[in-house]
Amino acid sequence: MRSEQEVNRAVDRYADLIRRLCMIYLKNEADTEDIFQTVFLKYVLSSVSFENEEHEKAWFVRVTINACKDLLKSFFRSRTTSLEVLMELPAEMPEEHREVLDAVLSLPRKYREVIYLHYYEGCSAPQISRILGKNVNTIYTLLTRSKHMLREKLGGEGYE
């Protein structure tokens, strides 16, 4: 079990990352909070020693993605629809941000993953490859295809 100091440091460092990643997958605040707690409980109970900060971050991303996928595959989840999914995004969000976010969220999961990790978390293709357990060339292909899909959804050249 980890010390309170270790856990507090990890929460400070990775809380936003985990919440954003959950929202990309789940599109639901309540499920995001459930997975957030699950991930940190796994961290507290884990005896994994990390080689460096990048290894620790990759562990949090992988555990979060797996927990989200498990929730999405659950029997209950497949038979319900969240009210939050039916509601619009916050009104204070600028229209162009809303449009880009809608476009990203409408992508199939495998494309959302790489877009999120590359553009929002600043991960390189080799890092994404290690996190997702996919060949680095596959990651480059997914990034290229997802950018093309986003350009089509957003209507042109202005979005890079």
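Check the entry above for the structure.
Residues numbered from 1 in each chain as written. Predicted model: local features only at pLDDT ≥ 70, side-chain atom pairs only at ≥ 80, totals over all residues. Heavy atoms only, no water.

## Side note on the packing of aromatic side chains
Counted only if it meets this: Between 30 and 60 degrees the pair is tilted, below 30 it is stacked and above 60 it is edge-to-face, where a pair is any two Phe, Tyr or Trp rings, Trp via its six-membered ring, whose centres lie within 6.5 Å. Here a strand is any run of E in DSSP of at least two residues, a helix any run of H or I of at least four, and the numbering for each starts at the N terminus. Here's how the labels work: a residue is buried when its accessible area is under 20% of the maximum for its type, exposed when over 50%, partly exposed in between, all with a 1.4 Å probe on protein chains only.
Tallying each qualifying case throughout the model produces nine aromatic pairs. On the numbers, 5.0 Å between centres and 40° between planes, the contact of Tyr 43 with Phe 60 is tilted. Of the two residues, Tyr 43 is situated in helix H2 (residues 29-45) and Phe 60 in helix H3 (residues 53-73); the sequence distance between them amounts to 17 residues. Overall, Tyr 43 belongs to the buried group, its relative accessible area being 0%. Phe 60 gets classed as buried once you look at its relative accessible area, which sits at 0%.

## Here we look at the nonpolar core
Selection criterion: Take the buried residues of types Ala, Val, Leu, Ile, Met, Phe, Trp, Tyr and Cys, join any two whose side-chain atoms come within 4.5 Å, and each joined set is a nonpolar core. Whether two residues are in contact is decided by their heavy atoms: any pair within 4.5 Å suffices.
Ranked by internal contacts, the top residues of the largest apolar core, which has 44 residues, are Ile 18, Phe 60, Leu 117, Leu 132 and Ile 139. Mapped by element, the contributors of at least two residues to this core are helix H1 (4-26), H2, H3, helix H6 (95-106), helix H7 (109-120), helix H8 (125-132) and helix H9 (136-154). Of all the elements, H1 adds the most residues to this core, at 11 residues. Those residues in contact with Leu 132 that sit more than four places away from it in its chain are Arg 62, Ile 65, Glu 113, Val 114, Leu 117 and Ile 139.

## Quick notes on H9
For the record, the criterion: Residue count minus one, scaled by 1.5 Å, sets the expected span of a helix. Starting at the helix axis, one direction is taken to each C-beta atom, and the arc is that of these directions. Polar contact criterion, stated in full: a pair of N or O atoms within 3.5 Å, where within protein one must be able to donate a hydrogen and the other to accept it, and residues adjacent in sequence count only if both atoms are side-chain atoms.
The first and last C-alpha atoms of H9 sit 27 Å apart over 19 residues, in line with the 27 Å expected at 1.5 Å per residue. Taken together, the buried positions of H9 are occupied by Ile 139, Leu 142, Leu 143, Ser 146, Leu 150 and Leu 154. Axial view of H9: buried residues confined to an arc of 100°, hence all on one face. Seen from the buried face of H9, the exposed residues on the opposite side, beyond 90 degrees, are Asn 137, Thr 144 and Glu 152. N-cap assignment for H9: the residue whose side-chain oxygen lies 2.7 Å from the backbone N of Asn 137 is Asn 135.

## Some thoughts on the pattern of salt bridges
The line we're drawing: Any Lys or Arg side-chain nitrogen located within 4 Å of an Asp or Glu carboxyl oxygen qualifies as a salt bridge.
In total, this model carries nine salt bridges according to the counting rule given. Between Glu 121 and Lys 57 there is a salt bridge, with the nearest N and O atoms lying 4.0 Å from each other. Here the residue Glu 121 occupies a position in the loop between H7 and H8, and Lys 57 occupies one in helix H3, the gap between them amounting to 64 residues. In this structure Glu 121 comes out as buried when scored by relative accessible area, which is 14%. By relative accessible area, Lys 57 is classed as partly exposed at 25%. Through salt bridges with shared partners, one network takes in Arg 9, Arg 13, Glu 53 and Glu 56.

## Concerning the side chain of Thr 32
With respect to the helices and strands, the residue Thr 32 is situated in helix H2. The class of Thr 32 is buried, set by a relative accessible area of 1%. Setting aside residues up to four positions removed in sequence, Thr 32 forms contacts with Arg 19, Cys 22, Met 23 and Leu 26.

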